[in-house]
Each structure stands twice: as C-alpha cells, then as structure tokens.
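Each chain, letter by letter, is given below.
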Amino acid sequence: MTSQQIDPATAWQARYGEVATRPLPPVPAVLAALLAHRSVRAYTDQPVDDEALELAIAAAQSASSSSNLQPWSVIAVRDPARRARLAELAGGQRHVAEAPLFLAWVADWSRLRRLGAAQGVATDGIDYLESYTVGVVDTALAAQNAVVAFEAQGLGIVYIGGMRNQPEAAAAELGLPQDSFVVFGMCVGHPDQARPAEIKPRLAQAAVLHREHYDAAGEAVAVGHYDPLMRRFQQDQQRDDRPWSQTSLQRVGSAEALMGRHRLREALNALGFALR
C-alpha cells in the first residue's frame with residue numbers, strides 16, 4: 001500500500017462518518033492502515049503462520065516500555081479445545097473459538113520476581129499500584145504495535161476484554177504464575193470476505209482533543225452528532241441500534257454491567273498483586 005493509493009478524504013470520512021473540515025495531506029501507508037482499522041470477528045480456515053506471528057511480536061517488542069522493564073508476556077493459543085474453553089470464560093464469544101490464533105496478552109511481573117529471587121534482590125516495588133499500571137500500559141502498547149503488524153500482513157484482529165471476566169480461571173487455563181494476569185485477549189486470522197467488517201465511526205475530535213486545557217464545551221454537540229451516526233452503523237450491521245451514549249452509560253451503570261469485572265481487585269490480589 002502506498003500513499004498514492006490512499007484517498008485521505010475517504011479514509012477520514014470512514015473514520016468519522018463525515019467529510020473533513022479542511023484539506024488533508026497525502027496519507028502515508030502506515031497512517032492509512034491505522035485509519036482503516038476495524039474489528040474482525042469472522043475468519044477463514046487458513047491458519048496464521050509462525051512467520052506472521054513472530055513478526056508481530058517483534059513489532060510488539062519495539063513498542064515503548066517504561067524504564068525498559070518489559071513487564072509483559074503473550075501466549076499464543078492454537079489448540080481448538082483450549083480456545084473453546086477461553087471463549088466460554090470470555091462470555092461465550094464464539095470468535096475466540098473460531099479464530100485460528102488467539103493471543104492472551106499478559107501483564108507479567110513474575111519474570112522480575114524470579115530474577116530478584118535468583119539474585120537475592122528485593123522486588124517489593126512490584127506490590128504497588130504504580131507497577132500494576134506500568135504492566136497494563138506496557139502490555140497495551142505492545143499489543144497495539146502487534147495489531148498494526150498483523151494488519152500490515154493482511155490479517156484481521158479483535159480485542160477480547162472478556163478475558164477479565166474470570167481472571168483466576170483464565171490464569172489457571174493458561175498456567176500463569178503468580179504476579180501475572182491476562183489483561184485482554186486478541187483473535188487473529190485471515191478476514192472472511194464473505195462476512196466483511198466495517199470501519200466503526202468514532203466521536204468527533206471536538207469531544208476528545210483539548211487544546212492548552214481541558215474544555216468540555218463542545219462535548220454535548222459532538223455526542224449529539226455521534227449518536228445518530230452510531231445508530232445507522234449499528235443498523236447496517238444488524239445489531240442493537242441504541243444511541244452510543246445510552247449504550248455506554250448502561251455499560252458503566254452498575255457493578256452487574258461489568259460482567260464479573262467488578263471484582264477485578266479481588267482477583268488481582270489472588271493472583272499476587274498487592275496493589276498498595
């Protein structure tokens with residue numbers, strides 16, 4: 001893909017559901033790929049080969065890492081039986097079972113625990129909320145680099161936050177040591193062109209881009225414009241067509257709406273995270 005093949009106005013309109021308000025410069029291939037990202041939940045039977053996986057992990061390891069601590073690991077799951085069990089733990093998401101490759105992205109402080117024990121060095125800093133945060137952030141940065149690499153190779157992905165529904169069970173299924181947990185999963189495969197995924201519109205930049213200081217003055221207008229855009233998108237996808245604001249507020253409206261994740265602190269404590 002080259003910048004000459006990309007119409008920036010079309011890419012912008014697909015991402016925001018409306019034309020750009022100013023002329024756009026030529027879009028480099030890597031930026032075009034980012035703008036064209038979509039969540040892919042339908043795959044062919046073609047496997048994801050090790051070369052594609054290892055290139056994506058090399059990209060993941062090229063992401064920034066706080067103090068170069070690299071506190072993450074990733075588990076590649078191809079076994080159909082294990083994928084099926086993980087699908088159930090994630091709330092019955094069938095694409096976890098159907099994808100040829102499932103990746104469990106793990107915030108992993110166990111590596112430095114083992115290193116400290118081997119060298120007789122204290123690792124008490126791991127017990128603090130800061131370290132938990134660093135682990136989650138670094139894991140997410142690495143995973144998103146891998147997404148870009150997979151998509152550059154013609155593959156599709158979807159993140160699976162449902163892996164946090166039952167963290168202890170996910171850890172047991174994957175044989176995780178203490179001081180590690182699955183932050184999220186990722187389905188990877190060759191997109192099924194018979195069931196194509198579409199680019200989901202995002203909130204206008206007026207809702208998320210602040211200049212010099214936080215300013216929510218344009219937020220209501222942006223959300224009011226976005227709600228009907230998302231309703232039309234959902235209707236086209238034959239999904240629940242409620243406004244985005246209503247769906248999002250319901251998602252954070254109660255502990256029950258978190259689908260088991262309301263006990264994440266308890267689960268993390270059980271998995272070795274003190275969170276002081």
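What you see is a predicted model, and the numbers here were worked out from it, not measured in a lab.

**Q** Before we move on, can you summarise the overall build of the protein chain with the specific residues and values?
**A** In terms of regular secondary structure, the protein chain is built from twelve helices and four strands. Expected size for 276 residues packed as a compact globule is a radius of gyration near 19 Å; at 20 Å, the protein chain falls within 12% of this value. The principal-axis extents of the C-alpha atoms in the protein chain amount to approximately 60 × 45 × 35 Å. Each of the 276 residues in the protein chain was classed as buried or not, and the buried ones make up 40%. The long-range share in the protein chain, meaning contacts at least 24 apart out of those at least 6 apart in sequence, stands at 77%.

**Q** An account of the side chain of Ser73 is needed here, citing residue identities and associated values.
**A** Assignment of secondary structure puts Ser73 in strand E1 (residues 72–77). Polar side-chain contacts of Ser73 include one of 2.7 Å to the side chain of Arg111. Sequence-distant contacts of Ser73, that is, excluding residues within four places in its chain, are made with Ala104, Trp105, Val106, Asp108 and Arg111.

**Q** So, the sheet that holds E1: which residues are in play, and what are the values?
**A** The sheet built from four strands is open, its strands ordered E1-E2-E4-E3 with antiparallel pairing. Every interior strand has two partners, whereas the edge strands, E1 and strand E3 (156–160), have only one. Pairwise comparison of adjacent strand axes, ignoring direction, gives a mean angle of 25° for this sheet. The pairing of strand E2 (residues 101–108) with strand E4 (residues 180–189) spans eight bridges and is classified as antiparallel. Among the inter-strand pairings, Trp105 is bridged to a residue of E4, identified as Phe184. With respect to the sheet, helix H7 (residues 129–152) is in contact with E1, E2, E3 and E4, its orientation differing from that of E4 by roughly 10°.

**Q** Tell me about the pattern of salt bridges, and name the residues and values.
**A** Two side chains that carry opposite charge are able to pair once their charged atoms sit near each other. Following the criterion strictly, the structure yields twelve salt bridges and no others. With its nearest N and O atoms 3.8 Å apart, the salt bridge here joins Asp108 to Arg111. Close ionic contact of Arg242 with Asp240 constitutes a salt bridge, the shortest N to O distance being 2.6 Å.

**Q** Please give an account of helix H4 (residues 80–89) that cites residues and values.
**A** Listed as buried for H4 are Arg83, Leu86, Ala87 and Leu89. One side of H4 carries all its buried residues, which in axial view fall inside an arc of 160°. Every exposed residue of H4 that faces more than 90 degrees away from the buried side is listed here: Pro80 and Glu88. Against E1, helix H5 (94–98), E2 and helix H8 (167–174) lie the buried residues of H4.

**Q** Describe in detail the packing of aromatic side chains, supporting the description with residues and values.
**A** Going through the model one piece at a time under the given rule, you end up with seven aromatic pairs. Taking the centre distance of 5.2 Å and the plane angle of 85° together, the rings of Tyr159 and Phe184 count as edge-to-face. Linking Tyr159 in strand E3 with Phe184 in strand E4, this pair joins segments that are 25 residues apart in sequence. Residue Phe184 is classed as buried on the basis of its relative accessible area, which comes to 10%.

**Q** If you had to explain the UniProt feature "domain: Nitroreductase" (unreviewed entry) in the protein chain to someone new, which residues and values would you point to?
**A** Here, UniProt's "domain: Nitroreductase" (unreviewed entry) annotation points to residues 36–190. Secondary structure over residues 36–190 splits into 44% helix and 19% strand, and the C-alpha atoms at its two ends are 16 Å apart.

**Q** I'd like to hear about helix H10 (residues 219–236), residue by residue, with values.
**A** In this model, H10 (18 residues) spans 26 Å end to end at C-alpha, consistent with the 26 Å of a helix rising 1.5 Å per residue. Those residues of H10 lying buried are Ala222, Val223, Tyr226, Asp227, Leu229, Met230, Phe233 and Gln234. Backbone geometry just after H10 places Gln238 at a positive phi near 55°.

**Q** I'd like a description of the environment of Arg85, backed by residues and values.
**A** With respect to the helices and strands, the residue Arg85 is situated in helix H4. Classification of Arg85 by relative accessible area gives partly exposed; the value is 39%. Taking the C-alpha atoms as reference points, Arg85 and Ala97, separated by twelve residues in sequence, lie 7.9 Å from one another.

**Q** Can you lay out the packing of helix H3 (residues 50–60) against H7 for me, pointing to particular residues and giving the numbers?
**A** Contact pair H3 / H7: the axes reach a minimum separation of 7 Å and the direction vectors enclose 135°. Between H3 and H7, the angle falls in the class oblique. For the crossing formed where H3 meets H7, the hand is right-handed. Packed against H3, whose contacting residues are Ala52, Leu53, Leu55, Ala56, Ala59 and Ala60, the element H7 presents Ala142, Asn145, Ala146, Ala149 and Phe150 at the interface. Considered class by class, the residues forming the contact of H3 with H7 number ten nonpolar, one polar and no charged.

About the criteria used
- Residues numbered from 1 in each chain as written.
- Predicted model: local features only at pLDDT ≥ 70, side-chain atom pairs only at ≥ 80, totals over all residues.
- Heavy atoms only, no water.
- Helix = DSSP H or I, 4+ residues; strand = E, 2+ residues; numbered from the N terminus.
- Rg over C-alpha atoms; globule rule 2.2 N^0.38 Å.
- Buried < 20%, exposed > 50% of the residue type's maximum accessible area, 1.4 Å probe, protein only.
- Contact = heavy atoms within 4.5 Å.
- Polar contact = N/O pair within 3.5 Å; in protein donor to acceptor, adjacent residues only side chain to side chain.
- Pairing = 2+ DSSP bridges.
- Axes fitted to C-alpha atoms, helices over the stretch in contact; angles between N-to-C directions.
- Salt bridge = Lys/Arg side-chain N within 4 Å of Asp/Glu carboxyl O.
- Arc of directions from axis to C-beta.
- Phe/Tyr/Trp six-rings, centres within 6.5 Å; stacked < 30°, edge-to-face > 60°.
- UniProt positions renumbered as here; feature names shortened; annotations may be inferred.
- Expected span 1.5 Å × (residues − 1).
- Parallel < 35°, antiparallel > 145°, perpendicular 65-115°, else oblique.
- Left-handed = near helix turned anticlockwise from the far one by under 90°.
- Nonpolar A, V, L, I, M, F, W, Y, C, P; charged D, E, K, R; others polar.

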